[in-house]
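# Survey of secondary and tertiary structure
Letter by letter, the chains look like this.
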Amino acid sequence: MGKCEQCIIKQFNALKSLSKDELVRISSCKTSMIIKKGDVIFEEGDSINGVYCVKDGICKLSKLSSNGKDQIVKIVVKGDLLGQRSLITGETANLQATALNDMELCFIPKNEIVYDLLNNSKFSFDVLKEMAHDLKEADDIIVNMAQKTVRQRLAETIIYIHDNFGTNPDGTLSVLLSREDFANIVGTAVESAIRVLSQFKKEGLIATIGKRIKINNIDGLKRVE
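Residue positions are given per chain, counted from 1 along the sequence in the order it is written. In keeping with the predicted nature of the model, local features appear solely for residues at pLDDT of at least 70, side-chain atom pairs appear and are counted solely at 80 or more, and the whole-chain, interface and lining totals rest on all residues. The side-chain figures draw on all heavy atoms in the structure; neither hydrogens nor water molecules are used.

### Re the UniProt feature "domain: Cyclic nucleotide-binding" (unreviewed entry) in the protein
UniProt marks residues 14-110 with the feature "domain: Cyclic nucleotide-binding" (unreviewed entry), using the numbering shown here. For residues 14-110, helix accounts for 15% and strand for 42%, while the C-alpha atoms at its two ends are 15 Å apart. UniProt positions are given in the numbering used here, feature names are shortened, and annotations may be inferred rather than shown by experiment. The helix count covers DSSP runs of H or I at least four residues long, the strand count covers runs of E at least two residues long, and both are numbered beginning at the N terminus.

### Describing the sheet that holds strand 1 (residues 31-35)
With antiparallel pairing, the four strands of this open sheet are ordered in space as 1-8-3-6. Across the chains shown, the open sheet's two edge strands, defined by having one partner strand only, are strand 1 and strand 6 (81-82). Pairing between strand 3 (residues 50-56) and strand 6: two bridges, direction antiparallel. Of the residues in strand 6, the one forming a bridge with Cys53 is Leu81. Contact definition: two residues touch when any of their heavy atoms are within 4.5 Å. A fitted line through C-alpha atoms serves as each axis, taken over the contacting stretch for helices, and the angle formed by two N-to-C directions is quoted from 0 to 180°. Strands in contact with helix 3 (residues 110-119) are strand 3 and strand 8 (103-109); relative to strand 8, the strand with the most contacts, it is inclined by about 65 degrees. We treat two strands as partners when DSSP finds at least two bridges between them.

### Points about the packing of aromatic side chains
Two rings from Phe, Tyr or Trp (for Trp, the six-membered ring) form a pair when their centres sit within 6.5 Å of each other. Planes less than 30 degrees apart are called stacked, planes more than 60 degrees apart edge-to-face, and all others tilted. This structure, assessed with the given rule, holds three aromatic pairs. Aromatic side chains Tyr52 and Phe107 sit 4.9 Å apart centroid to centroid with 55 degrees between the ring planes, which places their arrangement in the tilted category. Here Phe107 lies in strand 8 and Tyr52 lies in strand 3, a separation of 55 residues in the sequence. Note on accessibility: Tyr52 and Phe107 belong to one class, buried. A ring pair is formed by Tyr160 and Phe165, whose centres lie 6.2 Å apart and whose planes are at 85 degrees; its orientation type is edge-to-face. With a 1.4 Å probe rolled over the protein chains alone, any residue whose accessible area is under 20% of its type maximum counts as buried; one over 50% counts as exposed, and the rest are partly exposed. The class for Tyr160 is partly exposed, based on a relative accessible area of 37%. Residue class for Phe165 comes out buried when judged on its relative accessible area of 18%. In textbook terms, an aromatic cluster arises when at least three aromatic residues are bridged by ring pairs, as seen for Phe42, Tyr52 and Phe107.

### A closer look at the pairing of strand 7 (residues 96-99)
As defined by bridge partners, strand 2 (residues 40-42) adjoins strand 7 across two bridges and the pair is classed as antiparallel. Following the sheet pairing, Phe42 is matched in strand 7 by Ala97. Where strand 4 (residues 59-64) meets strand 7, four bridges bridge the pair, whose relative direction is antiparallel. Looking at strand 7, one finds that Lys60 is bridged to Thr98.

In structure tokens, the structure reads:
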């Protein structure tokens, strides 16, 4: 099991603000785990009782709406923390976390993180900054849903995945999302997402290789209306 004080992943989240001694203490209490693609890390309404540090892999945070559809709120990547909001508010999880590929996580118990939040002001401030960033992203999602077309939202999602996660050697997006995932990110029916993706193919903006998507004209995607 790796040691927190030697882990490069901590540089990507608020754990970078902890001292070596604090990291050594956390390392002795954490639990490492492997989560398989498609497995649920925690469900909406669960008591998490700690935070997860994503050492490798990608997961989606989603919320079940009243009509039984999932709305994907965020894609969480290597280096992110999961569950800090529930930990600070003392509430159960507001979202469900599901692995999009095989993941490696480290779970840090609530008591350890709370101790550092109370005793290390820089760590507390960095956690606060991360939560403020999440809130800004949530604001943007609300505005996009109200003001942008499904075509625009889907084009932006494809570009976001390309820019943040890169491509495979054959040029396809490295993150494989199902058509249902795309629909749940942009807030539309699966049939609508499939229809728009077909339109993008006919317009020469994208190509598909099996279930994977390859961008042919990123500037064209940015101009979609």
